[in-house]
Each structure stands twice: as structure tokens, then as C-alpha cells.
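The chain contents come next:
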Amino acid sequence: MSTEFDVVVIGAGPGGYVAAIRASQLGLNTAIIERENLGGICLNWGCIPTKALLKSGEVYEQLSHLGGYGLSVEKASFDFGKIIERSRGVAKNMSGGIAFLMKKHKIEVIEGEAKLEKGAPAPKVVVALKAGGSRTVQAKNVILASGARAREIPAIGAVSDGDKIWTYRDALAPKSMPKSLVVIGSGAIGIEFASFYRALGAEVTVVEAIDRIMPVEDEEVSKAAQKAFEKRGIKFRVGAKVSKIEKTKDGVAVTVEAGGKIEQLTAEKCIVAVGIAPNNDGLEALGVSLDRGHVVTDKHCRTNVPGLYAIGDIAGAPWLAHKASHEGIHAAEAIAGYKTPNVLSPIPGCTYANPQVASVGYTEAGAKAAGIEVKAGRFPFRVNGKAVASGETEGFVKTVFDAKTGALIGAHMIGHEVTEMIQGFVTAITLEATEEDLHGVVYAHPTMSEAMHEAALDAYGRVLHI
């Protein structure tokens, strides 16, 4: 059991464990510290188990539309306990896979909670071991991948009690299926849970403080998403501020203020999905520079403290697993002495509701606000052959180009499985593709991705099928 390492990674989420693997691949003696489960929030209480739930909801919802395919089913039903059990099983399986990867790459796993203390050439790491006692390890470099937790707002009662008021963690494994829900926040987390529980029949109301849902998305996508979700029975209160959440005998009462009027929403449960709070305990005492709670880093993930790097949620937005993994690889390579390019690559955002939403780069409004003259193109799935054949005609693809250079600077989609399609545009932006490049790409037919080609053509008045 070594006490000295080239690299110690704190946190085994998608940023931390990937950073550890890459460091080991580069010949660095590596250890990783995790206080709970390998895979972090993403694999255990976030990305993966939510997708398992959403798939169950999607399949169940499809059963009510089988007539359109010439099919029928009688007495469709679901076992909520088995849906939750399947989701937890998927998470457990994936976490076990990370344990295998740590062993394969000869990375020492230390189970416990880490605390940083001043040291050289990097901060000293003191671990309160899960099995009892403590252990001090020293490394030449420390990668902080401690992540974040659900943000709560005690002043208005937005604090989880595990019973009537939930965060994402409570919503992933409840004891029973709620008949009604109020979801506070229309970001990806809030919308995904709203979509899942509505698919199983719950009455769902989503409250959003901004004047439109999914405010980080392109405005056209945001409007289309609200219309699609309302068609499925989800109710919305936008431009609405929650002033109080109270537990009642039968559930919760949520007081909402909008347009000068006060309204009280009642439901069995309330999901608080209002963002995250970084796990930054003890960092100020160490002298780490923070900005609104997040660690300040340079373009190679280095903090102001020698030997200390920070990646993922602790290092700021966007709070996405793939962003954390990307930074983890970059930090490991920087430590190994690689002359890696700037870590700032285009990062896609995905919401796995029904319909799905995916985007990368500038929105049209964001580009114009930045002083960029734009050309925007759109193409609806309702005239895409594969979409029509599949009965998945909802939504569209939108492209945003720099009018002066022809560079693709943004792409936005809403529709069936668009989270699988967005990567094409992510690659294009990363490789600095122009409209000429995209116009010359051959897309297989019939595929829904042909809508991507048509949207690029439409921006320059060359669309073929509308």
C-alpha cells in the first residue's frame, strides 16, 4: 500500500475515474478516492439510472399509440417497483464496471472521504476511511473531481425530506408512484423527471422562474418543447417565482407568484430541480480561488494552488458528465507533460425527455448578441422519409452559421433520438466545418439525420424537400 503517488484523484465520477484511467495509461502511479460509489452521481444517481427510468416511461407511453402502427395491446399496465428495481440494477452494473476498469489499469481505490491540507509539491490528502481510521497520501499532483450536490433553498422550504419534498436522488427511487407532482425548475433534470412521471400517468406541473421553459436552449426549440410537453399533459407555470413550499397532510402546497398574482399548487410530491451546489468544503481555507462557489481554473484545468487541478462540476458550468470526462483527460495529459490544446471544445447539451432536445454552440439569439451576423436554417421531421415511416414526425433541426465565414457555430434539435444525432454537428464544429463542407456530406437514406443536411442547406436557400 503506497502513500506516495504521481496523481491522486478525488472523486470517482465520470470526470475522476476517466482522469485516473488516462493518468495510468500515461505511466503515472495513480490512486483514486471515493466516499460513496464508483461512478459518482452520474452512474449511480444521475445520468444512467434516469435513462433507465425514461426508457420504461417511453415504452409504456408508446403502448397507447400502437394503433397507428396497426398493432394493439390489451390491459397495458406497469409495476412501479420493478421499474425502479431495473433502474437501480443498471446503475449497480455500471458501477461494477468501473471497479473492473480501476483494477485493469492498476489504479489504487481508496474508499473514504478526502480532505485537502497544505503541502508540497501538491496539497496533502487526508482520508477518513470508510472502514474506519484515516490515511494520509501525498502526490505530485492532485485532481479534484468532487462534483456537486442538488441545490436546496431553505428560505422557501425547498429542502428534501425524502418523503414529500424530493431532490433528484429521492425521485430516482421512491417507495411508490405519486399521483401528482410539482416540479420546480425546467432544466434537463426537472424536464426529464416531469416526462417520466407523466408517461406513467402522474399529474405534473412544472414551475419555471424564466419566461420560457428550458431557458438555455434556442428560443424556437424552447417553444416547440413546451407545446410538445403540454400535448402530453404536462402543465407549466413560466415567469413564476416559488415563494414557499409547505408540507401538508396529503402532500405539499407550493405558493407561486406570477404576473402580480399568487397561486397555490397542491400535489403529493414536489421535486426541487433548481441547479447544483459545488462540493467545495475546505477549499477556501486552502487558499483555492473560487467564483460563486466553483473552483477557478486556467485553460489546462490548473487552480491557483500548485499541484492542484479541478475538473467537472466543481469547476463550473456546464455541469455535464461528458464535460467532466473531457477535462479529466486533458488534466491527466497536462500533468504528463503533453502539449495538449486548449480544453475549451464545443460541448453538447442533451435532455432525454419525450421528445428529446439536443444542442451545441451558439443559439441564434446568442450569436446575434455576440455581434455575429448569422444565417439560420431549419428542417422539420414531418417531411423526413424515415421519420414519417417510423411515426416520429415531431420536431425539427436548426443550424446557425456565421454569415461572414460560413462556419457552423450552433445546432439545435428537438425530436426522436436527437441526442444520438447531435454528435455529427459537435464533430463539425470541432473540426471548424463550413457550409461548403456540410453541403457536400453524403447522408444515408432513409435516415432521420438527413434532416441535418437539409437544415444546413436551408440556411443558404438550398433546401430540397420543402
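Definitions and limits used
Residues numbered from 1 in each chain as written. Predicted model: local features only at pLDDT ≥ 70, side-chain atom pairs only at ≥ 80, totals over all residues. Heavy atoms only, no water. Helix = DSSP H or I, 4+ residues; strand = E, 2+ residues; numbered from the N terminus. Rg over C-alpha atoms; globule rule 2.2 N^0.38 Å. Buried < 20%, exposed > 50% of the residue type's maximum accessible area, 1.4 Å probe, protein only. Contact = heavy atoms within 4.5 Å. Lys, Arg positive; Asp, Glu negative; His and termini not counted. Charge placed at Lys NZ, Arg CZ, Asp CG, Glu CD. Pairing = 2+ DSSP bridges. Axes fitted to C-alpha atoms, helices over the stretch in contact; angles between N-to-C directions. Domains from an automatic or database assignment. Buried area = accessible area lost by both parts, 1.4 Å probe. Salt bridge = Lys/Arg side-chain N within 4 Å of Asp/Glu carboxyl O. Polar contact = N/O pair within 3.5 Å; in protein donor to acceptor, adjacent residues only side chain to side chain. Phe/Tyr/Trp six-rings, centres within 6.5 Å; stacked < 30°, edge-to-face > 60°. Lys NZ or Arg CZ within 6 Å of the ring centre and 35° of its normal. UniProt positions renumbered as here; feature names shortened; annotations may be inferred.

Novice: Explain the overall build of the chain here, please?
Specialist: Looking only at helices and strands, the chain has 14 helices and 23 strands in total. A globule of 466 residues ought to have a C-alpha radius of gyration of about 23 Å, and the chain, at 23 Å, matches this closely. With respect to the three principal axes, the spread of C-alpha positions in the chain is 65 × 60 × 45 Å. Scored against the burial criterion, the 466 residues of the chain give a buried share of 51%. Contacts spanning at least 24 positions in sequence make up 62% of the contacts within the chain whose residues lie at least 6 apart. Considering the chain, the positive charge centre built from 51 side chains and the negative charge centre built from 52 side chains are found 3 Å apart.

Novice: Got a minute to help me understand the sheet that holds strand S23 (residues 408-415) in this structure?
Specialist: Sheets are built from strands paired through backbone hydrogen bonds, the pairs being either parallel or antiparallel. One open sheet holds the five strands; their spatial order is S19-S20-S23-S22-S21, and the pairing between them is antiparallel. The open sheet has two edge strands with one neighbour each: strand S19 (349-351) and strand S21 (374-380). On average, each strand axis in the sheet is tilted by 10° relative to the strand beside it, whichever way the strands run. Sheet topology note: the strand S22 (residues 395-402)/S23 ladder contains seven bridges and is antiparallel. Bridge pairing in S23 links Val 397 to Met 413.

Novice: I would appreciate a short explanation of the domain arrangement of the chain in the present structure.
Specialist: One frequently used descriptor of interface size is the decrease in accessible area upon assembly of the parts. Parsing the chain into structural domains produces domain 1 (2-147 + 275-334), domain 2 (152-273) and domain 3 (354-457). Here domain 2 and domain 3 have C-alpha centroids that lie 30 Å from each other. Taking both sides of the interface into account, the surface hidden between domain 2 and domain 3 amounts to around 1,100 Å²; carbon and sulfur atoms contribute 53%. Together, Asp 218, Glu 220 and Val 221 form the three largest contributors to the area buried by domain 2 at its contact with domain 3, with a combined 44%. Along the contact surface separating domain 2 from domain 3 lie four salt bridges. In this structure, Lys 398 engages Glu 220 in a salt bridge whose closest nitrogen and oxygen atoms are separated by 2.6 Å. Our count for the domain 2 to domain 3 interface comes out at eight residue pairs in polar contact (both at pLDDT 80 or more).

Novice: Got a minute to help me understand the packing of aromatic side chains in this structure?
Specialist: The way to describe two aromatic rings as a pair is by their centre distance and the angle between their planes. Applying the stated criterion to the full structure yields six aromatic pairs. Ring geometry for Phe 229 against Phe 236: centres 6.4 Å apart, planes inclined by 35°, an arrangement best described as tilted. Joined through ring pairs, the aromatic side chains of Phe 80, Trp 166, Phe 196 and Tyr 197 make up one cluster. Cation over ring: Arg 88 sits above Trp 45, and NZ or CZ is 3.8 Å from the ring centre.

Novice: I keep staring at the UniProt feature "active site" (unreviewed entry) in the chain and nothing clicks. Help me out?
Specialist: Mapped onto this structure's residue numbering, the UniProt feature "active site" (unreviewed entry) falls at His 445. Take His 445: its relative accessible area is 64%, and that puts it in the exposed class. Side-chain polar atoms of His 445 contact the side chain of Glu 450, separated by 3.0 Å.

Novice: So what exactly am I meant to see when it comes to the UniProt feature "binding site: NAD(+)" (unreviewed entry) in the chain here?
Specialist: Residues given the UniProt feature "binding site: NAD(+)" (unreviewed entry) here are Gly 185, Ser 186, Gly 187, Ala 188, Ile 189, Gly 190, Ile 191, Glu 192, Glu 208 and Gly 275. Spatial clustering of the annotated residues is evident: they stretch over 91 residues in sequence, but the largest pairwise C-alpha distance comes to 14.2 Å. With respect to the helices and strands, the residue Ala 188 is situated in helix H6 (residues 188-199). Residue Ala 188 is classed as partly exposed on the basis of its relative accessible area, which comes to 34%. With residues near it in sequence (within four places) discarded, Ala 188 still touches Cys 350 and Thr 351. With respect to the element layout, Glu 208 can be found in strand S9 (residues 203-208). Among residues more than four places away in sequence, those in contact with Glu 208 are Gly 185, Ser 186, Ile 213, Pro 215, Arg 237, Val 238, Gly 239 and Ala 240. A polar atom in the side chain of Glu 208 sits 3.0 Å from the backbone nitrogen of Ile 210.

Novice: Looking at this model, I keep getting lost on the environment of Asp 218. Mind explaining?
Specialist: Mapping Asp 218 onto the fold places it in the loop between S9 and helix H7 (219-231). Judged by its relative accessible area of 2%, Asp 218 falls in the buried class. When the C-alpha atoms of Asp 218 and Ser 359 are compared, they prove to be 8.3 Å apart, with 141 residues separating the residues in sequence. Aside from chain neighbours lying at most four places away, what touches Asp 218 is Arg 212, Thr 363, Glu 364, Lys 398 and His 412. Only 3.1 Å separates the side chain of Asp 218 from the backbone nitrogen of Glu 220, close enough to count as a polar contact.

Novice: I would appreciate a short explanation of the pairing of S23 in the present structure.
Specialist: Put simply, side chains in a regular strand alternate between the two faces of the sheet. In terms of burial, S23 is a largely internal element, eight of the eight residues being buried. Relative to S23, strand S20 (residues 356-361) is paired through six bridges, and the arrangement is antiparallel. Bridge assignment links Ser 359 to a residue of S23, and that residue is His 412. Taken together, S22 and the strand that follows it, S23, pair antiparallel across an intervening segment of five residues, in which Gly 406 is found at a positive phi of about 80°.

Novice: Explain the pattern of salt bridges here, please?
Specialist: One side chain can pair with another of opposite charge once the charged atoms of both are near each other. Here the structure, examined in full by the defined rule, presents 24 salt bridges. Linking Glu 36 and Arg 169 is a salt bridge whose minimum nitrogen-to-oxygen distance equals 2.2 Å. You can see Glu 36 sitting in the loop between strand S2 (30-34) and helix H2 (40-45) and its partner Arg 169 sitting in helix H5 (residues 168-172), a full 133 residues away along the chain. Here Glu 36 falls in the partly exposed class, since its relative accessible area comes to 34%. For Glu 58, the salt bridge is made with Lys 55, and the minimal N-O distance between the two is 4.0 Å. Taken together, the residues Glu 58 and Lys 55, both in helix H3 (residues 47-62) and three residues apart, mark about one turn of the helix. Exposure remark for Glu 58: the relative accessible area of 18% places this residue in the buried category. With a relative accessible area of 40%, Lys 55 lands in the partly exposed category. Shared partners join several salt bridges into a network, and the residues in it are Asp 218, Glu 220, Glu 364, Lys 368, Arg 378 and Lys 398.

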